[in-house]
Every structure is written in C-alpha cells, then in structure tokens.
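Results of the structural survey
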Amino acid sequence: MNGAESLIRTLVAGGVEVCFTNPGTSEMHIVAALDRVTKMRCVLGLFEGVVTGAADGYARMAAKPACALLHLGPGLANGVANLHNASRAQVPLINIVGQHAIYHLRHDAPLTSDIEAIARPYSKWLRTSSATSALGRDAADAIVAARTAPGQIATLIVPADVAWSDGGAIAAIPSVPRAPVPLAQAVDRAASMLRSGSTAMHFMAKACNSPDVSQPPRMRVYLHRIPSRGSNVAPVSPRCSAFLTSSAKRSSS
C-alpha cells in the first residue's frame, strides 16, 4: 500500500472514524485513500474554518479525536481560529496537513510556507513525516498524543511524495491513554449522586471536577467556587432532578 492508505488505515485502527476535509492537489492521494477505506467517514467543508470548527465540535461531543485534513500552510492558517479554541479547551484533535513533495520545496512554489511555525502555537505534538515506511507509525503516535489526558491537538505534516509512494504499513497502536469522559457521563454520575441525597451544587461540582471529565479549565475554576455539602445551599428541586435523570437515561441509550 502507499503511504496515504497506511495513514488512513492506522487512524481507523486507532478509533478515529471521521475526517473533516478541505483538501487540495497536494492531498489527492490521501483523498483517494479516504475513498478506499470505507470505515473512515469523510466530511467535506468548503472553508478550513468550518473544517477545524466541526472537528472541534465532534471531538467535544464524542470525547475522542476527530481528524482534520488541510491544504498546505495557507489552509492550516485559515483554520487557526478554531484550532485556538480547541487548544484552549484541551480538545483531542488530529490535524493532517499536506505539504509539497520534499524534492519540490527547493523551487519555492507560491503556496510554500513554514507549516510547522504555523502549527506550533496550537499543537502539543507536531511532526513532519519524512518516509513512507514511517507514516503509519507517525499516525499512531499522533493518536496517542491527541488522546493524552486532558486532550490536545496533534499535527502531522505529510509531504505529497511520502503519501503517494509505495511501502506504507499499518502501525500497531500502542497503549492508548483513556479518553476524557464526555459530559453526558458526568451528568449520569451527577444523577447517581442526586439519588444518594447530595445537594445540587455539591454533586455538580464533584461530578464535573473529576480529573477524567472533559471540561474546559474555566469551567473547573467556576465549579471550585461552589460550596461543598454541608454549606448553606438549597436542595435539588424536583424539576432539576427530573431533568438530570432524563439526561442520564439519554446518555446511556
């Protein structure tokens, strides 16, 4: 198989099931691989800001990495605003960014740019693949990096000749860190605490401040200010109890 197919098949093996894309000519072999690997759902966005925003939203709801496929440095730059949001919220996300063929870079084509410099402020993990045989392993490392708690952005830059050359291999996925718990499970946990008699403010603070719950840092700050059980706080209203119980049921279905 070529490098592009080893990349996509490794992502699928690591539990990455959706790729939001706005590709260009440099990523055509990756697009062809997306077409061949039917287990990867491909969603086209007509602007890179839509692609990165959709990947951010998907990862927050599914509590696992989404993948964004972007065209060279300018395409990555167009999606930076939502990557900033995802980075600040500690969202697990994998960026695949195309690059000119390695031997073509010396010609300084109009879209040539320093992709690593653009990606670095918003990527906790960053790598440019240099060999087709290593591309699958690079993808596996990106998955592990993105899923490392509390969640982070991993950016993998793929030169066109690395993608189209033969010699790719699906990499074995190393032990993947536990993904952050989605908010729906936090609500389930809160409803369980409710049934045990905890007050509303206490169980929400305790559930959402658990270290394995995916929550933005700012939310944690607010929740730490909530009084603990035993303080002068109101008990849960019947309406709130019904809402949380129904939310927990929806999260388990």
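That block above? That's the structure.
Rules used throughout
- Residues numbered from 1 in each chain as written.
- Predicted model: local features only at pLDDT ≥ 70, side-chain atom pairs only at ≥ 80, totals over all residues.
- Heavy atoms only, no water.
- Pairing = 2+ DSSP bridges.
- Helix = DSSP H or I, 4+ residues; strand = E, 2+ residues; numbered from the N terminus.
- Right-handed = clockwise from strand over helix to strand, strands pointing away.
- Salt bridge = Lys/Arg side-chain N within 4 Å of Asp/Glu carboxyl O.
- Buried < 20%, exposed > 50% of the residue type's maximum accessible area, 1.4 Å probe, protein only.
- Axes fitted to C-alpha atoms, helices over the stretch in contact; angles between N-to-C directions.
- Contact = heavy atoms within 4.5 Å.
- Arc of directions from axis to C-beta.
- Polar contact = N/O pair within 3.5 Å; in protein donor to acceptor, adjacent residues only side chain to side chain.
- Disulfide = S-S within 2.5 Å.

Next up on the list: the pairing of strand β5 (residues 125–128). Here β5 runs beside strand β6 (residues 153–159); their pairing, made up of four bridges, is parallel. Pairing of Leu 126 across the sheet is with Thr 155, part of β6. The parallel pair β5 and β6 is bridged by helix α7 (residues 132–147), and the resulting crossover is right-handed.

Let us now look at the pattern of salt bridges. Under the counting rule described, the total for this entry stands at seven salt bridges. Put simply, Asp 56 and Arg 60 hold a salt bridge, and the shortest N to O gap is 2.7 Å. Pair noted here: Asp 56 and Arg 60 are both in helix α3 (residues 48–62), with a separation of four residues, about one helical turn. Residue classification places Asp 56 among the buried residues on the basis of a relative accessible area of 7%. Taking the shortest distance from any N to any O, the salt bridge between Arg 120 and Glu 116 comes out at 3.3 Å.

Spatial ordering of the open sheet is given by β2-β1-β3-β4-β6-β5, a layout of six strands whose pairing is parallel. Of all the strands in the sheet, the pair left with one neighbour each is β2 (41–44) and β5. Averaged over all neighbouring strand pairs, the angle between strand axes comes to 20 degrees, with direction disregarded. With four bridges joining them, strand β1 (residues 18–22) and β2 adopt parallel strand pairing. The residue of β2 that forms the bridge with Val 18 is Arg 41. The sheet strands contacting helix α2 (residues 28–36) are β1, β2, β3 (66–70), β4 (93–99) and β6, and the helix crosses β3 at an angle near 145 degrees. Along the sheet face, α7 touches β4, β5 and β6 and points at about 165 degrees away from the line of β6.

Moving on: helix α5 (residues 80–88). Of the residues making up α5, those classed as buried are Val 80, Leu 83 and Ala 86. Considered in projection along α5, the buried side chains sweep an arc of 115 degrees and stay on one side of the axis. The outward face of α5, more than 90 degrees from its buried face, is lined by the exposed residues Ala 81 and Arg 88. Among the structural elements, α3, α4 (72–78), β4, α6 (115–119) and β6 are those in contact with the buried residues of α5. Looking one or two residues past α5, Gln 90 carries a phi angle of roughly 55 degrees, positive in sign.

A word on helix α1 (residues 3–13). Burial analysis of α1 places eight of its eleven residues in the buried class, the great majority of the element. Those residues of α1 hidden inside the fold are in contact with α2, β3, β4, α7, β6 and α8 (160–164). Where α1 begins, one side-chain oxygen reaches toward the backbone nitrogen of Ala 4, 3.3 Å away; that side chain belongs to Asn 2. Gly 15, located one to two residues past α1, shows a positive phi value of around 90 degrees.

Moving on, we come to the state of the cysteines. In the structure shown here, the tally under the stated rule is zero disulfides. Among the cysteines around Cys 42, which has no disulfide bond, Cys 19 carries the closest sulfur, lying 5.5 Å off. With a relative accessible area of 41%, Cys 42 lands in the partly exposed category. Cys 19 supplies the cysteine sulfur nearest to Cys 67, a cysteine that is in no disulfide, at a spacing of 3.7 Å. Assessed through its relative accessible area of 1%, Cys 67 is described here as buried.

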